[in-house]
2 protein chains.
Amino acid sequence: MRIAIDAMGGDHAPELIVQGALQAAAEWPDTELLLVGNASAIEPLLAGGIPSNVKLHHAEDVIAGDEEPVKAVRRKKDSSMVVAGTLVKEKQADAMLSAGNTGALMATGLLVVGRMSGIERPALAPMLPTQDDMGVLALDLGANMDAKPEHLLQYAIMGSVYRAKVHGLSQPRVGLLNVGTEAKKGSELTKAAFELLEQAPVNFIGNVEARDVLSRNCDVLVCDGFSGNILLKSMEGAAGMIFSSLKDAFGHSLLTKAAAAIMLPRLRHLKKKMDYKEHGGAPLLGLNGLVVKCHGSSDALAVKNAVGKARIALQGELISSISAEINGK
Amino acid sequence: MRIAIDAMGGDHAPELIVQGALQAAAEWPDTELLLVGNASAIEPLLAGGIPSNVKLHHAEDVIAGDEEPVKAVRRKKDSSMVVAGTLVKEKQADAMLSAGNTGALMATGLLVVGRMSGIERPALAPMLPTQDDMGVLALDLGANMDAKPEHLLQYAIMGSVYRAKVHGLSQPRVGLLNVGTEAKKGSELTKAAFELLEQAPVNFIGNVEARDVLSRNCDVLVCDGFSGNILLKSMEGAAGMIFSSLKDAFGHSLLTKAAAAIMLPRLRHLKKKMDYKEHGGAPLLGLNGLVVKCHGSSDALAVKNAVGKARIALQGELISSISAEINGK
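Residues numbered from 1 in each chain as written. Chains lettered and ligands numbered in written order. Predicted model: local features only at pLDDT ≥ 70, side-chain atom pairs only at ≥ 80, totals over all residues. Heavy atoms only, no water.

- In the nomenclature of an unreviewed UniProt entry, chain A is known as Phosphate acyltransferase of Paenibacillus oryzae.
- The UniProt entry for chain A carries this comment under Subcellular location (unreviewed entry): "Cytoplasm".
- Recorded under Sequence similarities (unreviewed entry), the UniProt text for chain A is reproduced unchanged: "Belongs to the PlsX family." (UniProt positions renumbered as here; feature names shortened; annotations may be inferred.)

Now the structure itself:
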């Protein structure tokens, strides 16, 4: 099994990306890792020796975080991200990972790796944190801003296969993000999607309200990309405001600082729990190969974890399983 | 000025609703309050004497929290909510308040009080809490699930007039809830609304991401009712999960309990800050009269505060000001 890693994408590229790849290579000797990026930037990071299951694949160019995604992907054929995508397309790699420009990675998925036959729109599917630390797979979180009911149906199927193959859940519970739990609630989109999901070959448990997502009453949360983005960023915003206010409150006096010292380890754990970045890479589902988005701020551990999940997905034949479900084979 | 109060709607009706009305009557002797509801339930609560500016207006029936809104409003003509709406329609009251069934109140607004001429869809406009305690008026938060760009434009105008008249802001900053700050970001809906808002007679500052809403970089947040609901309930969900985890963390040992004792007053303040219910009533804008939704869990203070805000809105001639802006007079 061979995984291409965009060594140049992300806030800590190439240093921590390469470090994470080396850690993954040591942990999983059966997995070959292709470090895609500028040789002159990567080689010094391999001065300690290159493990036999790591290969450097030179790519001259880099797509920056603020570049216009589609233009960048079309123009920069020799960028680390596009080259990694090309390796997947040409079956020289089974999967690719990148912590770079999210929009450009979605464009690479569509324009380079290619859409899976039968899929209308690919979906970005990160894990959201939940109260019980198990997480919920939410999709779409931003690949497709104007979803149709049929897209939501496909998200449900892809998400269910992913949870079964990667997390070993049998009969993952699928919920539809909505403004109320009753069947007739919501927009035209959610009402039509609800009817499709009731007939679908998934374990559909009905509508889920945004405030209940973190209680994990479902394993797969289906939503359109716009609402999904609002969901994720609202939670981030609320958590950020509370933690910042807590910091102020704990810094108020000597007494509150003493309280802070007592509580610090537990608060750190809580903050980490609320941080969806910690949950590792998010697959872009519905493509002709496995493409994984790592958070821009990924460190070595995040990269290593993402490699680990990609391995499990490949071992479970995720892509062909999704294709079989979507195309009813 | 005369304000009709649905004395029978809400978790604590009629007791705390009547108590709040009595407090408001004492504070603002110039304001006449009509307590609408079942006389046999309300009269015992007025045993201590009825102030001269409080009148009891009997209504036999009540709309329950779980009734199907439109059906209930059509059938229960003699319910406290519908009677209060009828008083506004017939100009026997200038405004109405209710802590009852939200859907039924929106139906009462549309079917009884009536839509303002020139308005396509009324909007529910609560204040969301912000880091600086000033709050942001968000609309629509659920009156209209399938908004068109023109609706969002009207929300922006109505919200701006409300912030100017009720909170005294000159040039309130209007933001559009979106998935990114750049002009071209978002769904077909937000892209079209962005263009309309740029031309509108409001102080449009551009797109606002969900995670930045609480930092209050705008005074009026415009969104469709579906996304607005997701925004609000995601924040509630995240805050609920954090506070529940904090409670667990503080309850862990004697030492953490000591820390809790030190921190309790500050944590209470923070929890209160995050609670949008504390921000009082939410106007339903775009009707032929002022209709205010109080939270279902409203206590006497919440009712009194809602009366206070309704007074300011009426003094500022909110309804005719909105009509003038919408109809370009």
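**Regarding the pairing of strand E2 (residues 32–37) of chain A**
Consecutive side chains along a regular strand alternate between the two faces of the sheet.
Residues and elements named next belong to chain A.
Here is step 1 of the chain: Counting buried positions along E2 yields 5 of 6 residues, so the element is predominantly enclosed.
Here is step 2 of the chain: Note that strand E1 (residues 2–6) and E2 share 5 bridges and pair parallel. The partner of Arg 2 across the bridge, within E2, is Glu 32.
Here is step 3 of the chain: With helix H1 (residues 15–27) bridging E1 and the parallel E2, this β-α-β connection has right-handed handedness.
Here is step 4 of the chain: Both E2 and strand E3 (residues 54–58) contribute to a ladder of 5 bridges, which runs parallel. Each residue of the ladder has a partner; that of Leu 34, found in E3, is Lys 55. (Buried < 20%, exposed > 50% of the residue type's maximum accessible area, 1.4 Å probe, protein only. Helix = DSSP H or I, 4+ residues; strand = E, 2+ residues; numbered from the N terminus. Pairing = 2+ DSSP bridges. Right-handed = clockwise from strand over helix to strand, strands pointing away.)

**Remarks on the relation of the copies chain B and chain A**
Two copies of a chain can be linked by a rotation about an axis combined with a shift along that same axis.
Here is step 1 of the chain: Overlay of chain B on chain A (RMSD 0.0 Å): rotation 180°, translation along the axis 0.0 Å. What the rotation and shift describe, once combined, is the action of a two-fold rotation axis. In terms of C-alpha distance to the rotation axis, chain B has Ala259(B) as its closest residue, with the C-alpha 2.2 Å off the axis. (Least-squares fit on C-alpha atoms with pLDDT ≥ 70 in both.)

**Considerations on the sheet that holds strand E4 (residues 95–98) of chain A**
Residue and element names in this part refer to chain A.
Here is step 1 of the chain: Strand order in the open sheet formed by 7 strands is E3-E2-E1-E4-E12-E11-E5, with mixed pairing between adjacent strands. Strands at the two margins of the open sheet, each flanked by one partner only, are E3 and strand E5 (123–124).
Here is step 2 of the chain: Sheet topology note: the E5/strand E11 (residues 282–285) ladder contains 2 bridges and is antiparallel. Bridge pairing links Ala 123 to Leu 285 in E11.
Here is step 3 of the chain: Against the sheet, H1 contacts E1, E2 and E3, and its axis sits at roughly 170° relative to E2. (Contact = heavy atoms within 4.5 Å. Axes fitted to C-alpha atoms, helices over the stretch in contact; angles between N-to-C directions.)

**Examining helix H7 (residues 188–199) of chain A**
Here is step 1 of the chain: For H7(A), with 12 residues, the first-to-last C-alpha span of 18 Å sits near the 16 Å given by 1.5 Å per residue.
Here is step 2 of the chain: The complete set of buried residues in H7(A) reads Leu189(A), Thr190(A), Ala193(A), Phe194(A) and Leu197(A). Angularly, the buried residues of H7(A) cover 130° about the axis, an arc narrow enough to put them on a single face. Exposed residues lying more than 90 degrees from the buried face of H7(A) are Glu188(A), Glu195(A) and Gln199(A).
Here is step 3 of the chain: Packed against the buried residues of H7(A) are helix H6 (149–167), strand E8 (173–178) and strand E9 (203–209) of chain A together with helix H8 (225–250) of chain B. (Expected span 1.5 Å × (residues − 1). Arc of directions from axis to C-beta.)

**Some details on the interface of chain B and chain A**
Here is step 1 of the chain: The partner chain A presents 47 residues to the 47 residues of chain B that form the contact.
Here is step 2 of the chain: The three residues of chain B that bury the most area against chain A are Phe226(B), Met241(B) and Ile242(B), which together make up 16% of that side's buried surface.
Here is step 3 of the chain: In this structure, the connection of chain B to chain A is made through 16 residue pairs in polar contact (both at pLDDT 80 or more).
Here is step 4 of the chain: Of all elements in the fold, only strand E8 (173–178), helix H7 (188–199), H8 and helix H9 (254–273) of chain B reach the threshold of two or more residues within the side of chain B that touches chain A.
Here is step 5 of the chain: Of the residues forming the side of chain B that touches chain A, the biggest block, 20 residues, is contributed by H8(B).
Here is step 6 of the chain: Residue composition of the side of chain B that touches chain A, grouped by class: 24 nonpolar, 14 polar and 9 charged. (Buried area = accessible area lost by both parts, 1.4 Å probe. Polar contact = N/O pair within 3.5 Å; in protein donor to acceptor, adjacent residues only side chain to side chain. Nonpolar A, V, L, I, M, F, W, Y, C, P; charged D, E, K, R; others polar.)

**Observations regarding the domain arrangement of chain A**
All names here are of chain A.
Here is step 1 of the chain: Entries for chain A in the domain assignment read domain 1 (2–118 + 286–327) and domain 2 (127–276).
Here is step 2 of the chain: One C-alpha centre belongs to domain 1, the other to domain 2; they are set 26 Å apart.
Here is step 3 of the chain: Between domain 1 and domain 2, the contact holds 13 residues from the first and 12 residues from the second.
Here is step 4 of the chain: In total, domain 1 and domain 2 occlude about 1,100 Å² of area from one another, counting both sides; carbon and sulfur atoms represent 74% of this.
Here is step 5 of the chain: Inspection of the domain 1/domain 2 interface yields 0 salt bridges.
Here is step 6 of the chain: Inspection of the domain 1/domain 2 interface yields 1 residue pair in polar contact (both at pLDDT 80 or more).
Here is step 7 of the chain: Ranked by the residues each element gives to the side of domain 1 that touches domain 2, the list is headed by helix H11 (residues 318–326), at 5 residues.
Here is step 8 of the chain: Broken down by class, the residue content of the side of domain 1 that touches domain 2 amounts to 6 nonpolar, 5 polar and 2 charged. (Domains from an automatic or database assignment. Salt bridge = Lys/Arg side-chain N within 4 Å of Asp/Glu carboxyl O.)

**Concerning empty space enclosed by the protein**
Rolled over the atoms, a probe as big as a water molecule pinpoints where empty space is left.
Residue and element names in this part refer to chain B.
Here is step 1 of the chain: Scanning the entire structure with this criterion turns up 6 cavities of 30 Å³ or more.
Here is step 2 of the chain: Considering only enclosed or pocket space, the largest cavity measures out at about 60 Å³ in volume.
Here is step 3 of the chain: In this structure, the largest cavity is lined by Tyr 162, Gly 281, Pro 283, Leu 290, Val 292, Ala 306, Lys 309, Ala 310 and Ala 313.
Here is step 4 of the chain: Counting only elements with at least two residues in the lining of the largest cavity, the list comes to strand E12 (290–293) and helix H10 (300–315).
Here is step 5 of the chain: A total of 4 residues in the lining of the largest cavity trace back to one element, the largest contributor, which is H10.
Here is step 6 of the chain: Here the residues of the lining of the largest cavity are counted per class, giving 7 nonpolar, 1 polar and 1 charged. (1 Å grid on protein atoms, 1.4 Å probe; cavity = no way out; pocket = protein on both sides within 12 Å on 5 of 7 lines; lining within 4 Å. Points joined across faces, edges and corners; volume = space filled by probe spheres on them.)

**Quick notes on the environment of Gly296(B)**
All names here are of chain B.
Here is step 1 of the chain: With respect to the secondary-structure elements, Gly 296 resides in the loop between E12 and H10.
Here is step 2 of the chain: Taking the C-alpha atoms as reference points, Gly 296 and Met 241, 55 residues apart in sequence, are found 21 Å from one another.
Here is step 3 of the chain: In this structure, Gly 296 is in contact with Gly 10, Asp 11, His 12 and Ala 99, ignoring residues within four places of it in sequence.

**Concerning the packing of aromatic side chains**
Residue and element names in this part refer to chain B.
Here is step 1 of the chain: The final tally for this structure, using the stated rule, is 2 aromatic pairs over all chains.
Here is step 2 of the chain: On the basis of an interplanar angle of 75° and a centroid distance of 5.1 Å, the ring pair of Phe 194 and Phe 204 is categorised as edge-to-face. In this pair, Phe 194 is assigned in helix H7 and Phe 204 in strand E9 (residues 203–209), connecting sequence segments 10 residues apart. (Phe/Tyr/Trp six-rings, centres within 6.5 Å; stacked < 30°, edge-to-face > 60°.)

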